[in-house]
Amino acid sequence: MAFDIISVSPTVSDGAHAAGDVMFNLTSIKLPARKCKLINVFATVASGGGEDDTKIGLLFFQKNDTVGLKTDNALNATADITSANFVANDFIGASFLQLSDGTDVDLDVIDNVAIYYGGAFGMAAAAATTANFDPLVLKGAYDNECFIAGVIHAGAPDFDGTDTVEIHLHVEY
């Protein structure tokens, strides 16, 4: 068994986001093998970029054959991809990121960098620990490539720029 960390820097938009907004469109991930097990995920946002109640859904796809999560590929707008386009991209699973544990404990303790922690999809905010992460199999339709997209589930994060986000996928293969 081997392990790797895949870092992805998707393009995001500056300005406040709302629940249901596209954070970033389908972005290529080069896997170290044809199939990998996602064992955890983290994200960093330079300049801050979040409120304690922020939750970000990460959607994984085998292909990117259609437009992004927004019909016109816009960011920071409601995700309105058609069901046919969503299905055509071969959705393979989801996870999410958040900043706090839902109590008075703020997991984001560095002043100028927001650190988002991975968790099980749909997990209550009060249970945000790495022990609650649901593994996910990543597999590309062709080669060793699959795609990741982001949607805001809760909160009103402002990413303070278009290149401030980096997502770190911890995989086993």
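Now for a look at the structure at hand. Please read all numbers here as calculations on a predicted model, not as lab measurements. (Residues numbered from 1 in each chain as written. Predicted model: local features only at pLDDT ≥ 70, side-chain atom pairs only at ≥ 80, totals over all residues. Heavy atoms only, no water.)

Things to note about the overall build of the protein
Step number 1: A count of helices and strands for the protein gives one helix and nine strands.
Step number 2: Secondary structure elements in the protein, listed N-terminal to C-terminal, are β-β-β-β-α-β-β-β-β-β.
Step number 3: Every one of the 173 residues in the protein was classed for burial, and the buried ones make up 46%.
Step number 4: Of the contacts formed within the protein by residues at least 6 apart in sequence, a portion of 83% connects residues at least 24 apart.
Step number 5: Accessible surface, the protein: about 7,700 Å² in total, of which carbon and sulfur atoms supply 52%. (Helix = DSSP H or I, 4+ residues; strand = E, 2+ residues; numbered from the N terminus. Buried < 20%, exposed > 50% of the residue type's maximum accessible area, 1.4 Å probe, protein only. Contact = heavy atoms within 4.5 Å. Areas by Shrake-Rupley, 256 points an atom, 1.4 Å probe, with all protein chains shown as cover.)

Side note on the pattern of salt bridges
Step number 1: Scanning the model with the defined rule gives four salt bridges in all.
Step number 2: Linking D65 and K63 is a salt bridge whose minimum nitrogen-to-oxygen distance equals 3.6 Å.
Step number 3: Accessibility expressed as a relative area gives 49% for D65, which makes it partly exposed.
Step number 4: We note a salt bridge from K70 to D80, for which the minimum N-O separation is 3.2 Å. A residue pair is termed long-range when its members are at least 10 positions apart, and K70 in the loop between β4 (55–61) and α1 (83–88) and D80 in the loop between β4 and α1 qualify at 10 residues.
Step number 5: Overall, K70 belongs to the buried group, its relative accessible area being 16%.
Step number 6: Among the ionic contacts, a cluster of salt bridges with common partners joins K63, D65 and D90. (Salt bridge = Lys/Arg side-chain N within 4 Å of Asp/Glu carboxyl O.)

Concerning unusual backbone geometry
Step number 1: The residue N76 is not glycine, and still its phi comes out positive at about 55°.
Step number 2: Along the chain, N76 turns up in the loop between β4 and α1.
Step number 3: Within the chain, D90 stands out as a residue other than glycine whose phi angle is a positive 55°.
Step number 4: Secondary-structure assignment places D90 in the loop between α1 and β5 (91–98).

Comments concerning the side chain of T66
Step number 1: Structurally, the position occupied by T66 is in the loop between β4 and α1.
Step number 2: Looking at T66, its side chain comes within polar contact range of the main-chain oxygen of N85, at 3.4 Å.
Step number 3: Among the polar contacts made by the side chain of T66, one reaches the side chain of N89 at a distance of 2.9 Å. (Polar contact = N/O pair within 3.5 Å; in protein donor to acceptor, adjacent residues only side chain to side chain.)

Read these as layout, nothing more, since geometry by itself doesn't imply function.
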